[in-house]
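# Reading the structure
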Amino acid sequence: MTADIDKRTLLRVLATGAASFGIFSPLALIPPAQAATKNAAYAPLQQLRIGYQKSAVNLVITKQLGWLEKRLPATKISWLEFPAGPQLLEALSVGSLEFGLTGDAPPVFAQAAGKDLVYVGAEPPKPDSSAILTQADSPLRTLADLKGRKVALQKGSSAHYLLVRAVEKAGLQWGDIQPIYLTPADARAAFERKSVDAWAIWDPFYAATELAVQPRVLANGRGLSNNNSFYLASRDFATQHPQAIAVLFEELTRADRLAQDDRKQAIQLITDFSGLDAGVVSLFLTRRPRSPVAALASQTVADQQRVAQAFFKIGLIPKPLNVADALLKL
């Protein structure tokens, strides 16, 4: 079923996904005839290693239901879980993966480090799905109160950018806070021990902590970060196997429809996979909008350029980046 899916199919899939959440897909402008002339005989895809996190709803549902295995029966498909985006992209950059999903900051750090990865798609913004938390009895009441405080976060993650923007909005400098770089699991332990004053984190870790600890939310992404999610691939995989990317995006968008239209089944699938309480899964899904997969809209690229500029401004990446250099070009 996949042999005749070529670049025209990928363009159609991306354009359809873009239209489904009201964005403009620059790839949709490529005339089908032009795309066809670029098409070649692609080598069969022997293996597909996919990196994902607990927050990757579309990937988790697709994995649990075995949809890719049915669509690509001749391909050995492996699923590898990561605690956060930086670790996932490191695996992608060294050839241990072909494809994966991360938040906004990890691709910026990867591009700054010279990793040859490409953005191949995106989901709509999820600003409600990340937050800066503090204890319910904490004296911190505003973002300005973070001055001099220890804040836990995963370095290079979407929460990192959220915190950078929060510090900026509060009129502070990055050096005014004490960032404590921890994985989500270690950060939660530190948060519960009260050895840090605040924690920048995303769902489902945010939802799990919200229900278990009942923290105070200093801020979520609204007005700070769109919390965009990106699908990335190795450049070789993206250029040599557009037919596989088309299949991936069809099935991931199908998974999103299930998440929205059959919430009970989605909760059960994610709970079975993650071991999370059903209440936690239900809570974080309520914060998640419809999330079909599409090409990067011009506004999404502009958002991502702001992420890169913010990290360069505070010296966390060594040089200015042009995000467009890492876009998949068909």
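This section reports on the structure supplied with the text. In this text, all values refer to a predicted model and were calculated from it rather than measured experimentally.

Further remarks concern the packing of aromatic side chains. Applying the stated rule across the entire model yields 10 aromatic pairs. Both rings, one in Phe191 and one in Trp199, keep their centres 5.7 Å apart while their planes meet at 45 degrees; by these two values the pair is tilted. Judged by relative accessible area, Trp199 falls into the buried class, the value being 1%. Arranged with centres 5.7 Å apart and planes meeting at 55 degrees, the rings of Tyr231 and Phe249 form a pair that is tilted. Remark: Phe249 occurs in helix H11 (residues 242-261) and Tyr231 occurs in strand E10 (residues 229-234); sequence separation between them is 18 residues. As far as the burial class goes, Tyr231 and Phe249 line up, both buried. Lying over the aromatic face of Tyr181, Lys155 brings its terminal NZ or CZ to 5.3 Å of the ring centre.

If you walk across this open sheet you meet the five strands as E2-E1-E3-E10-E4, and the pairing is mixed. The strands lining the two open edges of the sheet, one partner per strand, are strand E2 (76-81) and strand E4 (117-123). Going from strand to strand, the sheet's axes swing by 20 degrees on average, the running direction of each strand aside. As judged from the two bridges shared by strand E1 (residues 47-52) and strand E3 (residues 99-102), these two strands associate in the parallel manner. Opposite Gly51, over in E3, you have Gly100 as the bridge partner.

What counts and what doesn't
The written sequence of each chain sets the order in which its residues are numbered from 1. Only residues with pLDDT of 70 or above have their local features reported here, since the model is predicted, and side-chain atom pairs are shown and tallied only from 80 upward, although totals for entire chains, interfaces and linings are computed over all residues. Side-chain metrics in this entry use all non-hydrogen atoms of the structure; hydrogen atoms and water are not considered. Stacked, tilted and edge-to-face are the three classes applied to pairs of Phe, Tyr and Trp rings, where Trp contributes its six-membered ring and a pair requires centres within 6.5 Å; stacked means planes under 30 degrees apart, edge-to-face means over 60, and tilted covers the rest. For every residue, the accessible area (1.4 Å probe, protein chains only) is compared with the maximum for its type, and the residue is labelled buried under 20%, exposed over 50%, or partly exposed between those bounds. Helical segments are the DSSP runs of H or I of at least four residues, strand segments are the runs of E of at least two, and each set is numbered from the N terminus. Any Lys NZ or Arg CZ found within 6 Å of a ring centre and within 35 degrees of that ring's normal is scored as a charge over the ring. Whether two strands pair depends on DSSP finding at least two bridges between them. Helix axes use the C-alpha atoms of the stretch in contact, all axes being lines fitted to C-alpha atoms, and the angles between their N-to-C directions lie in the range 0 to 180 degrees.

By themselves, these observations are geometric and do not establish any function.
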